[in-house]
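# What the coordinates show
Chain residues, written in single-letter form:
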Amino acid sequence: FNLVTNFYDMFYNCGELEELDLSNFNTKNCICFDCMFYGCKNMKKIDVSNFNSSSCQQMNYMFYGCENIDEIDMIKWDMKEITQITYLFYGCKKLTKIQMSCNFKNIDKIGMDYIFDGIPEEGNFIFLKEVDCKRILKVLPTVYNRTKI
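A brief look at the structure comes next. Model, not experiment: these values are computed from the prediction.

### Regarding the side chain of S23
By the element assignment, S23 lies in the loop between β1 (19–21) and β2 (45–47). Given a relative accessible area of 15%, S23 falls into the buried group. For S23, the side chain forms a polar contact with the side chain of D21, separated by 2.6 Å. Those residues within four positions of S23 in sequence are excluded, and the remaining contacts are D47 and N50.

Structure (C-alpha cells):
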C-alpha cells in the first residue's frame with residue numbers, strides 16, 4: 001500500500017464486517033479517504049488510530065452508515081490538508097466517543113456539512129487542547145461532553 005493515494009470505497013458496503021484492525025495500515029500517501037467504510041453497518045470495532053493522514057484532503061462519507069461503531073480514535077491524525085469532511089460520521093447511531101485532533105489549517109474553508117447527523121444525542125468528544133475546534137464544536141450535538149487533552 002506504499003504507493004496508494006486513494007482509498008475511496010475500499011470497504012464500501014462490507015455489511016458483514018464486524019471488526020477491523022488497521023493500526024498498521026500504510027496511508028502516508030493517501031489524499032482521499034472518501035466512503036472508505038461507507039455502509040459497514042455491522043462494524044462494531046475499528047482501529048484507525050495510527051493512520052497517517054498528513055497528505056489527506058478528503059474524508060467525505062468516510063464512516064457513513066457505520067451504525068454499530070461506538071468509538072472512533074482519530075486523535076493522532078494530521079488534519080492540516082483537509083478540505084472536505086462532509087457526512088463524516090453520518091448515521092453512526094451508536095457512536096458515543098469521538099477522539100479527533102482538529103488541527104485543520106483552514107477550518108473556515110472546510111466543507112463539513114452534516115458531519116455529525118444521525119449520531120446519538122449524548123456522548124464524548126475529545127480533542128487536543130492546542131488546536132481550535134470551535135467550528136466543529138458548533139455542529140456537535142450540544143449535550144456531548146467536550147474534553148481537551
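### Here's the deal with the packing of aromatic side chains
A full pass over the atoms with the stated rule returns 20 aromatic pairs. Among the aromatic residues, those joined into a cluster by ring pairs are Y12, Y38, Y61, Y64, Y87, Y90 and Y114.

### What to know about the environment of D70
With respect to the helices and strands, the residue D70 is situated in the loop between β2 and β3 (71–74). Through-space distance from the C-alpha of D70 to that of Q58 is 23 Å; in sequence the pair is twelve residues apart. Apart from the residues within four sequence positions on either side, D70 is in contact with K44, K94, L95, T96 and K97.

### Quick notes on the pattern of salt bridges
Summed over the entire model, instances satisfying the criterion amount to four salt bridges. The salt bridge partner of K105 is E81, with a shortest N-O separation of 3.2 Å. You can see K105 sitting in the loop between β4 (97–100) and β5 (124–127) and its partner E81 sitting in the loop between β3 and β4, a full 24 residues away along the chain. You can call K105 exposed: its relative accessible area is 52%.

Conventions adopted
Residues numbered from 1 in each chain as written. Predicted model: local features only at pLDDT ≥ 70, side-chain atom pairs only at ≥ 80, totals over all residues. Heavy atoms only, no water. Helix = DSSP H or I, 4+ residues; strand = E, 2+ residues; numbered from the N terminus. Buried < 20%, exposed > 50% of the residue type's maximum accessible area, 1.4 Å probe, protein only. Polar contact = N/O pair within 3.5 Å; in protein donor to acceptor, adjacent residues only side chain to side chain. Contact = heavy atoms within 4.5 Å. Phe/Tyr/Trp six-rings, centres within 6.5 Å; stacked < 30°, edge-to-face > 60°. Salt bridge = Lys/Arg side-chain N within 4 Å of Asp/Glu carboxyl O.

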